Amino acid sequence: MKTIHDFSFKNQKALIRVDFNVPLSDAFEVADTTRIEAAKPTIIKILEDGGSAVLMSHLGRPKGIEERYSLKHVVDKVSEVIGVQVRFADDCIGDHVKDTIENLKNGEVLLLENLRFYTEEKEGDEAFAEKLSKWGDIYVNDAFGTAHRAHASTTIVAQFFPNRKCFGNLLATEIESIDKVLNHSKKPVLAVLGGAKVSSKITVIEHILDKIDHLIIGGGMTFTFVKAQGGRIGDSICEDDKMELAIEILKSAKAKNVEVHIPVDVVAADSFSNDANTQVVDVSQIPKGWQGLDAGPKSLERFDNVVSRCQTILWNGPLGVFEMETFAKGTIALGKSIEKATRNGAFSLVGGGDSVAAVKQFGFAEKVSYVSTGGGAMLETLEGKTLPGIAAILD
Ligand code: AMP
C-alpha cells in the first residue's frame, strides 16, 4: 500500500482528491471543518517536501453549474485551517486552469471548482478523468467519503498515474483502522450495530460474524429480532419481511460462537415525540399504542459489562432515537462505556453516518480511538467489498 510517505514531493505537483463536501450555513459559511482538518496533514506533508498541491473535490449534488455549490465558499476556511492562502480556479478543467497550474509554485495550493459541475465526474468519464490527470505529477487520493464511488476523480483518474499514485494520510488511516478491527484485532471483538433498519445493516452483519466474538444489536433493528422470536413489540418499528432473516442471523451467530446481546428492556413512548409519555418495559412486553425508542437501564448495564470485556470495538448506529433528548440516554451511556473501555486499552472505531453525528454531538469524538469520515464507504468496507477508489491505487 503506497502512501504519501513513499514519495518525495519536492518540485512535484500533487493532484489531491480531497473530500471538502462540507455543510454550509445559509450565509454560505462552512458549518463544520472536520473534513478540512482531516485533509490538512496530507497537504502539509506535500508543501513541506517542497511541492505544490492541486485540490479537487465535489460539494453537494449540483445539477449543472449552481453557484450555491461553488467551492469558492470554502476557500477562506481551507486557507485558515491549513495556514496557507489557497488560490481558487473557477473551473476544474480548461485552458484557464492549465495556465494557473503551470504557474503554480512550490509551496502553493490551488483549489479547483466543484467537479460535479460536470456530469462526467459521476459518470466516471475517462476523457474527463484524463483532462484532470494533466494537473499533477503524482495523484493522491485522500477522500474516504467517496472511495466507494467509481467517479472520474476518485477512481478513473488513477489509471493515468502508473506508479505515481498513493493514498493520502486520511485514507491510509481509515484503511488501517478498519483493518485493525476486521483483520488484526485483539480479542474479544465486539460490534455494536444500531440504527433504524435491519435491511440496511444485514450485509454488514453477515460479513462481520466471522470476525467478532460479541454482537450488540440496538436501535430500531431490535424489534424485528424480538418479534421474530415471538415477543410483543407494540407499535415499535419492525420489518416483518426481515424476521426470517433475523432468525437466520441468530442461528448463524450461534454456529460461529458469537454471543448476541439484544436489549432486554426499552424506554417505550406513547408517540414518536420528545414530549411523549414514557415507561420502561420488558422488550418483549411492549403494550399496544407504545413504541420502543431507546434501550432501557437493565440493557445498558448489560451492554456496559460486554463493552468492558472487549479489546476491539466497532460501533455503527445509535441505540435509540438520539435526536430527541428523551431517547438519547442509551446512545450516551454506550458512548460512555466505549470511552471507558478505550481508556483501559481497547481499540474503538466509530463509523457510518448517524453514529458519527451522535459521537460528535455528545462529545465522544476525541475519546474513542478513531472516528471514520466515510458513511457509505465505511458500510461497504464492513460488508467486505473492495472500494473502487482504493482498488485503483493498489492496482
Ligand atoms: P441508521 O442510519 O440506520 O444508522 O439509523 C439511524 C436512525 O435510527 C437515527 O435517526 C435514529 O433516530 C433511528 N433509530 C434508532 N433507534 C430507533 C428506534 N427504536 N425506533 C425508530 N428509530 C430509531
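Remember, it's a predicted structure, so these values are computed and weren't measured experimentally.

Cut-offs and rules
Residues numbered from 1 in each chain as written. Predicted model: local features only at pLDDT ≥ 70, side-chain atom pairs only at ≥ 80, totals over all residues. Heavy atoms only, no water. Helix = DSSP H or I, 4+ residues; strand = E, 2+ residues; numbered from the N terminus. Rg over C-alpha atoms; globule rule 2.2 N^0.38 Å. Buried < 20%, exposed > 50% of the residue type's maximum accessible area, 1.4 Å probe, protein only. Contact = heavy atoms within 4.5 Å. Areas by Shrake-Rupley, 256 points an atom, 1.4 Å probe, with all protein chains shown as cover. Lys, Arg positive; Asp, Glu negative; His and termini not counted. Charge placed at Lys NZ, Arg CZ, Asp CG, Glu CD. Polar contact = N/O pair within 3.5 Å; in protein donor to acceptor, adjacent residues only side chain to side chain. Domains from an automatic or database assignment. Buried area = accessible area lost by both parts, 1.4 Å probe. Salt bridge = Lys/Arg side-chain N within 4 Å of Asp/Glu carboxyl O.

A. Quick look at the overall build of the protein. Along the protein, the regular secondary structure elements total 14 helices and 17 strands. Taking 21 Å as the expected radius of gyration for a compact globule of 395 residues, we find that the protein reaches 23 Å, a close match to that expectation. Structurally, the protein occupies a C-alpha span of about 70 × 45 × 35 Å along its principal axes. Burial status across the protein gives 55% buried among its 395 residues. Taking the intrachain contacts of the protein between residues at least 6 apart in sequence as the baseline, contacts between residues at least 24 apart amount to 73%. Element-wise, carbon and sulfur atoms account for 46% of the exposed surface of the protein, whose accessible area totals about 17,000 Å². Of note, the protein has its 45 positive side-chain charges centred 4 Å away from the centre of its 55 negative side-chain charges.

B. Geometry of the side chain of K201. Residue placement: K201 occurs in the loop between β7 (189–193) and α7 (202–208). By relative accessible area, K201 is classed as buried at 8%. At a separation of 2.9 Å, a polar atom in the side chain of K201 contacts the side chain of N316. Sequence-distant contacts of K201, that is, excluding residues within four places in its chain, are made with G194, G195, M221, N316, G317 and L379.

C. Region of interest: the domain arrangement of the protein. Split into domains, the protein comes out as domain 1 (4–172) and domain 2 (185–382). One C-alpha centre belongs to domain 1, the other to domain 2; they are set 36 Å apart. Contact with domain 1, which involves seven residues of that partner, is made by 10 residues of domain 2. The junction of domain 1 with domain 2 conceals about 690 Å² of combined surface from both sides, 59% of it contributed by carbon and sulfur atoms. Taken together, domain 1 and domain 2 are joined by one salt bridge. The shortest N-O distance in the salt bridge between K360 and D32 comes to 3.5 Å. Put simply, domain 1 and domain 2 have one residue pair in polar contact (both at pLDDT 80 or more) between them.

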